[in-house]
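For reference, the chains in residue letters:
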Amino acid sequence: MIIVIDALNKDRFGDLLDEMFQLRARVFGDRLGWEVEIVNGREIDQFDRLDPAYVIGLDNEGHVVSCVRALQTTGPHMLSDVFQVLLDGEPPLRSATLWESTRFCVDTQRLCRDGNTMKAVSLATCELMIGSLEYARRSGISDIITVIDPVVNRVLKRSDNAPYDYVGSTKQMGKVPAMAALLDCTEERINRVRAFAGIDHDVFASDESVRALLDARNAAMDTVTAGGVEWMAILSEMEEPELPVLPEDIQDYCRAQIENAPNEAERAAALRLVEVLVRQRIHPAMHQLVS
Amino acid sequence: MSADLIDLGSESRQADSFVTFLDQICERFELDHAAYAGTNPVSGAVHGYVNYPEPWKRHYAENGLHRIDPTLLVASRSIAPVDWQRLERTPGFDKTFRDACDFGITDRGLTIPVRGPYGDIGMLSVTRDCSIAEWNKLSAHILPDLQSVAVHVHDTVMRSDALSRALRYPTLSTREREILQWIAAGKSQQDVGDILGISHRTVEVHLRSGREKLYALTTPQAVGRAIMLGLIYPL
């Protein structure tokens with residue numbers, strides 16, 4: 001079953017997010033050897049501060065078995081900020097109806113316990129793909145750009161869910177290569193994955209039923225969950241992502257643009273920008289750059 | 001899309017034209033009311049435009065409802081459109097809409113949150129007084145277009161000061177430029193795909209991105225603006 005956790009319901013599901021951050025640490029840190037930061041066994045980065053949406057797959061006991069993270073491409077996201085190298089120096093796509101998905105992973109260890117086979121892994125993977133495609137589609141999103149490694153790329157192809165194209169090129173990120181793939185959120189694609197996996201039921205569980213399942217499990221085991229205190233502490237100690245642009249930054253930027261301009265046209269363009277900033281009295285002190 | 005919506009990207013950006021645009025959104029998407037609110041951390045400005053009736057606007061302002069209204073405060077933190085049905089049990093919802101009811105304002109609506117590149121956040125909210133079944137059908141139908149319109153309004157409002165305009169100078173990729181260049185040469189999207197050896201869907205996703213980066217609602221507007229900015233050649 002699939003649950004979507006975002007800023008609106010995360011207060012109720014702190015325990016699930018904590019499990020998810022631990023799964024990400026095991027997969028991206030231990031197994032894949034990505035260059036990710038792990039604190040207290042949780043993999044959390046600056047984009048987790050930006051209120052992304054998490055699509056999370058749960059097993060029958062309510063344990064996290066898969067997850068993926070979604071952000072809008074109109075605002076800060078991984079391809080615009082840290083995965084730019086994948087785009088060969090080109091600016092990223094930016095569209096109201098395009099979401100970016102990152103940190104796609106499945107807990108193969110848990111799924112293969114108890115004599116289960118790879119069939120269980122495939123089913124959980126497909127359920128997560130269906131859940132994320134349907135969630136995006138329901139939100140009016142037409143396409144997803146996803147940062148994946150060649151293994152996930154093969155999994156997508158084998159599940160009748162092959163990317164329709166790629167942007168930029170495959171690059172080495174740490175120990176593994178990564179690439180940016182495009183998927184449409186059409187009914188045709190969703191139906192193909194459903195047919196491949198033999199899933200025809202509604203994959204989403206309601207917030208209420210998931211909460212009830214978790215509470216019942218905790219009661220039976222006579223445990224009190226910490227409710228995700230751990231990841232909240234890690235997140236709150238992280239530095240604010242640098243968003244607002246300060247006047248000094250603009251001045252530095254303009255100086256660099258003028259000094260490093262490869263040709264006369266670029267230099268003239270940089271000078272024009274300074275003129276606008278000075279003329280509009282946005283940054284009068286910058287006249288020293290043009291004089 | 002949206003040939004009957006005015007092109008905000010080329011309008012002299014006055015408050016009137018934003019409200020007119022909201023009226024057009026309502027007419028086009030069969031909605032009752034629309035509102036836009038956004039904050040620009042670069043200029044420090046807060047912007048708001050609504051086409052609600054005057055008495056409700058006054059009541060809302062006098063009672064400081066913007067400080068408790070979850071369709072603004074809570075919805076802005078989502079990445080997906082937030083149907084107000086999801087906010088019913090959120091603090092502030094009852095108080096905001098108990099009053100709204102007295103003014104003939106419905107609680108049937110949704111908010112589309114928009115995130116911009118500089119920490120700017122905007123919200124387009126729309127309402128329609130109708131049955132739940134009718135509403136669910138309508139909102140599912142209009143969401144894709146409404147998403148694009150929300151970003152268009154937000155980007156345009158955020159560009160209303162000179163610094164933000166300079167910062168938001170369109171940065172198109174080589175692929176976005178070459179697709180617009182072929183469209184300017186009169187080729188269809190299908191032709192462009194064949195010429196560049198890419199799928200129709202790839203053309204579409206780049207074209208949509210290029211349009212939005214150029215603050216255009218239609219492809220002809222985008223081509224015109226790209227020529228104006230010297231990003232492609234007129235043919």
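Residues numbered from 1 in each chain as written. Chains lettered and ligands numbered in written order. Predicted model: local features only at pLDDT ≥ 70, side-chain atom pairs only at ≥ 80, totals over all residues. Heavy atoms only, no water.

- Chain A appears in an unreviewed UniProt entry as Acyl-homoserine-lactone synthase from Pseudotabrizicola alkalilacus.
- According to UniProt, the comment filed for chain A under the heading Catalytic activity (unreviewed entry) is "a fatty acyl-[ACP] + S-adenosyl-L-methionine = an N-acyl-L-homoserine lactone + S-methyl-5'-thioadenosine + holo-[ACP] + H(+)". (UniProt positions renumbered as here; feature names shortened; annotations may be inferred.)

1. Observations concerning the domain arrangement of chain B
Residues and elements named next belong to chain B.
In step 1: Examined at the domain level, chain B breaks down into domain 1 (8-165) and domain 2 (170-228).
In step 2: A C-alpha centroid distance of 29 Å is found between domain 1 and domain 2.
In step 3: For the pair domain 1 and domain 2, the summed buried surface comes to about 590 Å²; carbon and sulfur atoms form 64% of the total.
In step 4: Taken together, domain 1 and domain 2 are joined by 0 salt bridges.
In step 5: Applying the counting criterion to the domain 1 and domain 2 interface returns 0 residue pairs in polar contact (both at pLDDT 80 or more).
In step 6: Per-element tally for the side of domain 1 that touches domain 2: the top contributor is helix H5 (residues 132-158), with 4 residues.
In step 7: By residue class, the composition of the side of domain 1 that touches domain 2 is 2 nonpolar, 4 polar and 2 charged. (Domains from an automatic or database assignment. Buried area = accessible area lost by both parts, 1.4 Å probe. Salt bridge = Lys/Arg side-chain N within 4 Å of Asp/Glu carboxyl O. Polar contact = N/O pair within 3.5 Å; in protein donor to acceptor, adjacent residues only side chain to side chain. Helix = DSSP H or I, 4+ residues; strand = E, 2+ residues; numbered from the N terminus. Nonpolar A, V, L, I, M, F, W, Y, C, P; charged D, E, K, R; others polar.)

2. As for the packing of aromatic side chains
What characterises a pair of aromatic rings is the spacing of the ring centres plus the angle enclosed by the ring planes.
In step 1: One pass over the full model with this rule turns up 9 aromatic pairs over all chains.
In step 2: Between B:Trp56 and B:Phe103, the aromatic rings sit 5.5 Å apart at their centres with planes inclined by 55°, giving tilted as the arrangement. Of this pair, B:Trp56 sits in helix H2 (residues 54-62) while B:Phe103 sits in the loop between helix H4 (93-102) and strand S4 (109-115); the two residues are 47 residues apart in sequence, bridging distant segments of the chain.
In step 3: For B:Trp56, a relative accessible area of 4% translates into the label buried.
In step 4: On the basis of relative accessibility, which here comes to 33%, the residue B:Phe103 falls in the partly exposed class.
In step 5: What links up through ring pairs into an aromatic cluster is the set A:Phe21, A:Tyr54 and A:Trp231.
In step 6: For B:Arg159, the ring lying beneath its charged end belongs to B:Tyr215, and the centroid distance is 4.0 Å. (Phe/Tyr/Trp six-rings, centres within 6.5 Å; stacked < 30°, edge-to-face > 60°. Buried < 20%, exposed > 50% of the residue type's maximum accessible area, 1.4 Å probe, protein only. Lys NZ or Arg CZ within 6 Å of the ring centre and 35° of its normal.)

3. Quick look at a negative patch on the surface
In step 1: Taken together, the side chains of B:Asp32, B:Glu88, B:Asp94, B:Asp107 and B:Asp129 make up a negatively charged region of the molecular surface.
In step 2: Tracing the chain through its elements places B:Asp129 in the loop between strand S5 (121-127) and H5. (Patch = residues over 30% accessible without salt bridge, like charges linked within 9 Å, V, L, I, M, F, W, Y side chains within 5 Å. Areas by Shrake-Rupley, 256 points an atom, 1.4 Å probe, with all protein chains shown as cover. Lys, Arg positive; Asp, Glu negative; His and termini not counted. Charge placed at Lys NZ, Arg CZ, Asp CG, Glu CD.)

4. Examining the domain arrangement of chain A
In step 1: Here chain A is described as being made up of domain 1 (2-237) and domain 2 (247-290).
In step 2: With centres defined by C-alpha atoms, the gap from domain 1 of chain A to domain 2 of chain A works out at 42 Å.

5. Re helix H7 (residues 207-220) of chain A
Residue and element names in this part refer to chain A.
In step 1: With 14 residues, H7 should reach 20 Å at 1.5 Å per residue; the first-to-last C-alpha distance of 20 Å fits that figure.
In step 2: Residues of H7 that are buried: Val210, Arg211, Leu214, Arg217 and Asn218. End-on, the buried residues of H7 take up no more than an arc of 130°, which puts them together on one face. Facing away from the buried side of H7 by over 90 degrees, the exposed positions are Ala219 and Ala220.
In step 3: With its phi angle positive at about 55°, Asp222 sits one or two positions after the end of H7. (Expected span 1.5 Å × (residues − 1). Arc of directions from axis to C-beta.)

6. Considering the interface of chain A and chain B
A common way to express how large an interface is: the accessible area buried when the components associate.
In step 1: Of the residues lining the interface, 47 residues belong to chain A; the matching set on chain B comes to 41 residues.
In step 2: When the two sides are added together, the surface that chain A and chain B hide from each other amounts to roughly 3500 Å², 57% of it contributed by carbon and sulfur.
In step 3: Broken down residue by residue, the surface that chain A buries against chain B is led by A:Leu8, A:Gln72 and A:Arg94, which jointly contribute 20%.
In step 4: Between the two partners, chain A and chain B, sit 6 salt bridges.
In step 5: With its nearest N and O atoms 3.8 Å apart, the salt bridge here joins B:Arg89 to A:Glu208. (Contact = heavy atoms within 4.5 Å.)

7. Digging into unusual backbone geometry
All names here are of chain A.
In step 1: Non-glycine residue Asn40 carries a positive phi angle of around 50°.
In step 2: With respect to the helices and strands, Asn40 occurs in the loop between strand S2 (38-39) and strand S3 (42-43).
In step 3: Positive phi, close to 55°, is recorded for Asp88, a residue that is not glycine.
In step 4: By the secondary structure assignment, Asp88 is in the loop between helix H2 (78-81) and strand S6 (98-106).
In step 5: Given the relative accessible area of 45%, Asp88 is considered partly exposed.

8. Here we look at the sheet that holds strand S1 (residues 2-5) of chain A
Residues and elements named next belong to chain A.
In step 1: The sheet built from 7 strands is open, its strands ordered S1-S4-S5-S6-S7-S9-S8 with mixed pairing. The strands lining the two open edges of the sheet, one partner per strand, are S1 and strand S8 (165-173). Each neighbouring strand pair of the sheet contributes to a mean axis angle of 20°, computed without reference to strand direction.
In step 2: Across 6 bridges, the pairing between strand S5 (residues 64-72) and S6 is antiparallel. Opposite Ser66, over in S6, you have Val106 as the bridge partner. (Pairing = 2+ DSSP bridges. Axes fitted to C-alpha atoms, helices over the stretch in contact; angles between N-to-C directions.)

9. Description of the pairing of S4(B)
Residues and elements named next belong to chain B.
In step 1: Extensive coverage of S4 is indicated by the burial of 7 of its 7 residues.
In step 2: Both faces of S4 are covered, namely the face carrying Gly109, Thr111, Pro113 and Arg115 and the face carrying Leu110, Ile112 and Val114.
In step 3: Note: strand S3 (residues 82-83) against S4, 2 bridges, orientation antiparallel. The partner of Val82 across the bridge, within S4, is Thr111.

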